[in-house]
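What the coordinates show
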Amino acid sequence: MEKREDVRILAIESSCDETAASVVQNGRQVLSNIISSQIDLHTLYGGVVPEIASRKHIEKMNQVIEEALKEAGVTLEDITAIAVTYGPGLVGALLVGVSAAKAIAFATGKPLVGVHHIEGHISANYIENKQLEPPFACLVVSGGHTHLVMVKDYGEYEIIGCTRDDAAGEAFDKVARAIGLGYPGGPKIDRLSRDGNPDAVKFPRAKVDGSDYDFSFSGLKSAVLNYLNSCEMKGIPVNNADVAASFQKAVIDVLVEHSLHAVKEYGFEKFAIAGGVASNSSLRAAFETACKNQKIAFFHPSPIFCTDNAAMIGVAGYYEYIKGTRSGYDLNAIPNLRLGER
Ligand code: KG4
Ligand code: ZN
């Protein structure tokens, strides 16, 4: 039965190559989650082509929003506020979602709430873990980001560590290309690794001088490329499954070690993962075991809420909305928006 105080957020996400819209009720109930992926289109080019992404977002945006409302069984009248990702991401892609959200907010007179994409990824954990509340530590690993974040409260974050060069997902994508798997590499390496030996090739576990919590993946990527080149020059056949599994293990070892170290040092009892790479099956298993051993409660979203989606923006948008965050019609796309900045 409908309660008058129900808060329904219509959320829009278009920061990269997914056009997505969702209706989220009272922060944690996802009424619809529509995602139109452009992956097939970008696969032809081996990665996301920003111009093509923007154009596709324009084509799909209205359709995806209409579907999200329809699947939720609501109309714009039933919506309390409009939430939209305004950064970080590809500027042309972000602009499509921001413009659509502003137009709907203006036409309906409903409040507009700009949401940080990473805040969205972190908030994806609230959807299926109804008992999860801050404070907790969260590792955000996606195609563009590798952040170890202290979630002090809803909407209050402090970055403990981040990558100095490539993001974890970027490393997966580059190594996948090198062994001929194509884009996007993460899920393909995840699958191929199941047939490989993670101890077959010794790849480096990079440490960043002077920081226990920062990451660096470009050295690992180079080590894989050097290994492939040297095998080719010596005429040694390469076992791609072994390379994939060994690379994946090197990434996961570093992510687990740094994260658990931070959780212990900062005294957290709860730890969560988020972002596209968080859907990696071996990574989830490794964190599951490590957290169990250290008696830390471990949380993760289902894979569909790990990769880009609008439900996570609806959840983050809800908590921003009830805190009183409002954006004006001058809301702009900010491609390098920092977490915690507005
Ligand atoms: O969060 P996301 O959809 O977009 C960004 O905000 O970047 O993350 C996409 C990234 C890609 O690099 C993709 O290769 C990686 O997440 N990814 C995975 C897996 N599924 C997606 N990486 C490892 N294992 C997976 N199963
Ligand atoms: Zn993302």
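Here's a quick rundown of the structure. Note that the coordinates shown come from a computational prediction; the quantities given were computed from them, not determined experimentally.

Analysis parameters
- Residues numbered from 1 in each chain as written.
- Chains lettered and ligands numbered in written order.
- Predicted model: local features only at pLDDT ≥ 70, side-chain atom pairs only at ≥ 80, totals over all residues.
- Heavy atoms only, no water.
- Donors = N, O, S within 2.8 Å, 3.2 Å for Na, K, Ca; no water.
- Tetrahedral: all angles 85-135°; square planar, octahedral: opposite > 155°, others 65-115°.
- Helix = DSSP H or I, 4+ residues; strand = E, 2+ residues; numbered from the N terminus.
- Buried < 20%, exposed > 50% of the residue type's maximum accessible area, 1.4 Å probe, protein only.
- Pairing = 2+ DSSP bridges.
- Right-handed = clockwise from strand over helix to strand, strands pointing away.
- Near = heavy atom within 4 Å.
- Polar contact = N/O pair within 3.5 Å; in protein donor to acceptor, adjacent residues only side chain to side chain.
- Areas by Shrake-Rupley, 256 points an atom, 1.4 Å probe, with all protein chains shown as cover.
- Nonpolar A, V, L, I, M, F, W, Y, C, P; charged D, E, K, R; others polar.
- Phe/Tyr/Trp six-rings, centres within 6.5 Å; stacked < 30°, edge-to-face > 60°.

1. Re the coordination of the zinc ion (ligand 2)
- Coordination of the zinc ion (ligand 2) by the protein involves His 117 (NE2), His 121 (NE2) and Asp 308 (OD), with metal-donor separations of 2.0 to 2.1 Å.
- Each of the four donor atoms bound to the zinc ion (ligand 2) contributes to angles spanning 96 to 133°, and the resulting shape is tetrahedral.
- One chain supplies every donor to the zinc ion (ligand 2), and in sequence these donors are spaced H-x3-H-x186-D. Note that His 117 and His 121 are positioned in helix 4 (residues 117–123) at a spacing of four residues, about one turn of the helix.
- A relative accessible area of 5% means that His 117 is categorised as buried.

2. Topic: the pairing of strand 4 (residues 81–87)
- For strand 4, a buried count of seven out of seven residues is recorded, marking the element as mostly surrounded by other parts of the structure.
- As judged from the four bridges shared by strand 1 (residues 8–13) and strand 4, these two strands associate in the parallel manner. Following the sheet pairing, Ile 9 is matched in strand 4 by Ala 81.
- A crossover connection joins strand 4 to the parallel strand 5 (residues 112–116) through helix 3 (residues 91–108); in handedness this β-α-β unit is right-handed.

3. Describing the site of ligand 1
- Near ligand 1 you find 20 residues, and of these Gly 143, Asp 173, Gly 186, Asp 190 and Asn 280 are the closest.
- Between ligand 1 and Asp 173 there is a distance of 2.7 Å, counted from an oxygen atom to a side-chain nitrogen or oxygen.
- About the coverage of ligand 1: the protein hides 90% of its 550 Å² of free accessible area.
- Looking at the shell around ligand 1, the elements that each hand over two or more residues are helix 4, helix 6 (168–178) and helix 7 (185–193).
- Counting residues per element, the shell around ligand 1 draws most heavily on helix 7, which supplies four residues.
- Its residues assigned to classes, the shell around ligand 1 shows four nonpolar, 13 polar and three charged.

4. Regarding unusual backbone geometry
- Residue Pro 135 is reached from Pro 134 by a cis peptide bond, and omega for that bond is 5°.
- Mapped onto the secondary structure, Pro 135 falls in the loop between helix 5 (125–128) and strand 6 (136–141).
- Here Tyr 183 and Pro 184 are connected by a cis peptide whose omega angle stands at -10°.
- Located in the positive-phi region is Asn 26, a residue other than glycine, with phi close to 50°.
- Mapping Asn 26 onto the fold places it in the loop between strand 2 (18–25) and strand 3 (29–37).
- Of note, the phi angle at Lys 295 is positive, near 60°, even though the residue is not glycine.
- Locating Lys 295 in the fold gives a position in the loop between helix 10 (281–293) and strand 10 (297–299).
- Here Lys 295 falls in the exposed class, since its relative accessible area comes to 75%.

5. Focus on the packing of aromatic side chains
- Using the criterion set out here, one finds 13 aromatic pairs in the structure.
- Taking 3.9 Å as the distance between ring centres and 5° as the angle between the ring planes, the aromatic pair formed by Tyr 154 and Tyr 319 counts as stacked. A residue pair is termed long-range when its members are at least 10 positions apart, and Tyr 154 in the loop between strand 7 (146–153) and strand 8 (156–162) and Tyr 319 in helix 12 (residues 311–323) qualify at 165 residues. The residues Tyr 154 and Tyr 319 share a single accessibility class, namely buried.
- Grouping aromatic residues by their ring pairs yields a cluster made of Tyr 126, Phe 136, Tyr 154, Tyr 318 and Tyr 319.

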